[in-house]
Amino acid sequence: MPFSCVLPLHYLGVSVSAVEGFFSEATVRAIVDVLVRLVEAAGAIVIFAGASIGFVRFVAVAVRTRSAGAFVPLRLELGRYLALGLEFQLAGDILRTAIAPTFVEIGQLAAVAAIRTALNFFLAREIAEQRAELERDSSAT
Amino acid sequence: MTAVTDALALACTAAGLLAVALAGMTGGRWRAGLMFGLDLWVAAALLRLSGAPDLRAVAAAAAVITARRLVEVRRLGG
């Protein structure tokens, strides 16, 4: 349906063709593409930052202590970063569904989104389990 | 962006290998090291899934996540 039928643009002094041009499929596709890249870059930055911080702390703990339980808080923290990065990537997937034209692309998108959602579910469960484990250990000592 | 995320994923993979070796050599904590290494490999798989991943990247991520889950279930069970 043309915009001129939905919005009384001529009262606002706005050219109908300019608005229709702005909301053309190519423009929306370009805007969504930029947004997807931004959101995915944010997710990648969060995941890599978490991995880097976790690895540096892991090396420090591995050299300083001899207990395997000392790694549990580090895994908990890394899991939080991964979960946050995953949320960004899932947001990117959702945005991408707006411009996925073929069934093959939609299928790939569904596979990636399913993996991310499953991992997000397992991560949330493991974070809860590890937190409970830490609380049990701290109440036992 | 794919080249950058691939390089970051490679760094995470190498960090995972180092973590397993370090935990094993500094006190025989192979399993704890493997768990942390698997977390870093999951990070690498997620970085590879950024952008427009091919089916190989999706399959690799699924394999790493399944392996991680199996080791975690085994750790909690035993």
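Since this is a predicted model, take the numbers as computed values, not measurements. (Residues numbered from 1 in each chain as written. Chains lettered and ligands numbered in written order. Predicted model: local features only at pLDDT ≥ 70, side-chain atom pairs only at ≥ 80, totals over all residues.)

**Let's talk about the overall build of chain A**
Per the secondary structure count, chain A includes six helices and zero strands. The helix and strand sequence of chain A, counted from the amino end, reads α-α-α-α-α-α. Within chain A, residue pairs in contact and separated by at least 24 positions form 70% of the contacts whose partners lie at least 6 positions apart. (Helix = DSSP H or I, 4+ residues; strand = E, 2+ residues; numbered from the N terminus. Contact = placed C-beta atoms within 7 Å.)

**Some remarks on the interface of chain A and chain B**
Each side of the interface is counted separately: chain A has 31 residues, and chain B has 30 residues. Of all the secondary-structure elements, those providing two or more residues to the side of chain A that touches chain B are α4 (25-64), α5 (72-96) and α6 (103-140) of chain A. Among the elements that make up the side of chain A that touches chain B, the one with the highest residue count is α4(A) (14 residues). For the side of chain A that touches chain B, the residue count by class is 21 nonpolar, five polar and five charged. (Nonpolar A, V, L, I, M, F, W, Y, C, P; charged D, E, K, R; others polar.)

**Notes on the confidence of the model for chain A**
A residue-level look at chain A finds 82% of positions with pLDDT of 70 or above and a mean pLDDT of 81. Here helix α1 (residues 3-6) of chain A is the element of chain A with the lowest mean pLDDT, 53, and α4(A) is the one with the highest, 92. (pLDDT = per-residue confidence, 0-100.)

**Brief notes about the environment of A83(A)**
Residues and elements named next belong to chain A. Checked against the element boundaries, A83 lands in helix α5. Owing to 20 C-beta atoms within 10 Å, A83 belongs among the buried residues under this scheme. Sequence separation between A83 and E133 is 50 residues; the distance between their C-alpha atoms is 19 Å. Filtering out sequence-adjacent residues up to four positions away, A83 remains in contact with N120, L123 and A124. (Buried ≥ 20, exposed ≤ 12 C-beta atoms within 10 Å, placed from the backbone.)

**Describing the packing of α4(A) against helix α2 (residues 30-48) of chain B**
Axis separation between α4(A) and α2(B) bottoms out at 10 Å; the angle between their running directions is 160°. In this view, α4(A) runs roughly antiparallel relative to α2(B), as classed from their interaxial angle. Considering how the two elements wind past one another, α4(A) and α2(B) form a crossing that is left-handed. Residues A44(A), I47(A), F48(A), G50(A), A51(A), F55(A) and F58(A) of α4(A) touch α2(B), and the partners they reach there are F36(B), L40(B), A43(B), L46(B) and L47(B). (Axes fitted to C-alpha atoms, helices over the stretch in contact; angles between N-to-C directions. Parallel < 35°, antiparallel > 145°, perpendicular 65-115°, else oblique. Left-handed = near helix turned anticlockwise from the far one by under 90°.)

**Re the environment of V28(A)**
All names here are of chain A. The residue V28 is located in helix α4 in this model. Given 13 C-beta atoms within a 10 Å radius, V28 is considered partly exposed. Once the C-alpha coordinates of V28 and A98 are considered, the two residues, 70 residues apart in sequence, prove to be 9.2 Å apart.

**Considering helix α1 (residues 2-25) of chain B**
Residue and element names in this part refer to chain B. End to end, α1 covers 34 Å across 24 residues, agreeing with the expected 34 Å (1.5 Å per residue, within 8%). Regarding α1, the residues found buried are T5, L8, A9, C12, A15, G16, A19, V20 and A23. Where α1 ends, the next residue or the one after it, G27, has phi of about 145°, a positive value. (Expected span 1.5 Å × (residues − 1).)

**As for the nonpolar core**
Of all hydrophobic cores here, the largest spans 46 residues; its most connected members are I47(A), L82(A), L40(B), A43(B), L46(B) and L47(B). Those elements giving two or more residues to this core turn out to be α4, α5 and α6 of chain A together with α1, α2 and α3 (55-77) of chain B. A per-element tally of this core places α2(B) first, with 13 residues. Other than its neighbours up to four places away in sequence, L82(A) contacts I47(A), G50(A), L123(A), V42(B), A43(B) and L46(B). (Core = buried A, V, L, I, M, F, W, Y, C linked by C-beta atoms within 7 Å.)

**Observations regarding the confidence of the model for chain B**
Should the pLDDT be low somewhere, the predicted coordinates at that spot are not to be read in detail. Residues and elements named next belong to chain B. Model confidence for chain B is summarised by a mean pLDDT of 86, while 95% of its residues fall at 70 or above. When pLDDT is averaged over each helix and strand of chain B, the minimum, 81, is found for α3 and the maximum, 92, for α1. Among the prediction metrics, the complex's ipTM stands at 0.89, with pTM recorded as 0.80.

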